[in-house]
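Spelled out, the chains give:
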Amino acid sequence: MNNRQNVRLPPEVNRVLFVRNLPFKITPEEMYDIFGKYGAIRQIRVGNGNDTKGTAFVVYEDIFDAKTAYEHLQGFNIMGRYLIVLYYQPNKVTKKMNLAKKEEELKELKARYGISDDD
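So, here's what we can say about the structure. (Residues numbered from 1 in each chain as written. Predicted model: local features only at pLDDT ≥ 70, side-chain atom pairs only at ≥ 80, totals over all residues. Heavy atoms only, no water.)

Some points on the side chain of Thr 55
The line we're drawing: A run of H or I in DSSP counts as a helix once it spans at least four residues, and a run of E counts as a strand once it spans at least two, with each numbered from the N terminus. Polar contacts, as used here, are pairs of N or O atoms within 3.5 Å; protein pairs need one atom able to donate a hydrogen and one able to accept it. Residues neighboring in sequence count only if both atoms are side-chain atoms.
You can see Thr 55 is positioned in the loop between β2 (41–46) and β3 (56–60). Of note is the side chain of Thr 55, whose polar atom sits 2.5 Å from the backbone oxygen of Thr 52.

Describing unusual backbone geometry
Selection criterion: Burial classification: accessible surface area is computed with a 1.4 Å probe over protein chains only, and a residue below 20% of its type maximum counts as buried, one above 50% as exposed, and the rest as partly exposed.
Even without glycine at this site, Asn 21 takes up a positive phi of about 65 degrees. Residue classification places Asn 21 among the partly exposed residues on the basis of a relative accessible area of 27%. The phi dihedral of Met 79 is positive, around 50 degrees, even though this residue is not glycine. Among the secondary structure elements, Met 79 is positioned in the loop between β4 (77–78) and β5 (81–82).

In short, the description is geometric, and any link to function would need to be established separately.
Printed below as a string of structure tokens:
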């Protein structure tokens, strides 16, 4: 596939997929079986905490393999659950953390200078 070099992908496309709505009892081996059909996988991290159950990160070696998996597995039914597959976007995660931090700093500054939120 020599034409891969000339393909322009949307900016959100990357090698890391974030998968939601997974069955809680799915094993990493089953994940490799399902996602490995679309290309070489570097790593799979399945959430096991109370707040991360049913989610996973799948990291592919090649961006085009990740794109193919995204296209084929979006809405795929596994054990009665329909997968939600997204491209991982770290800037969205850090943006939320930064927003919370900025709000806290603003609250501290208002308290320090005696400014109330009342108009």
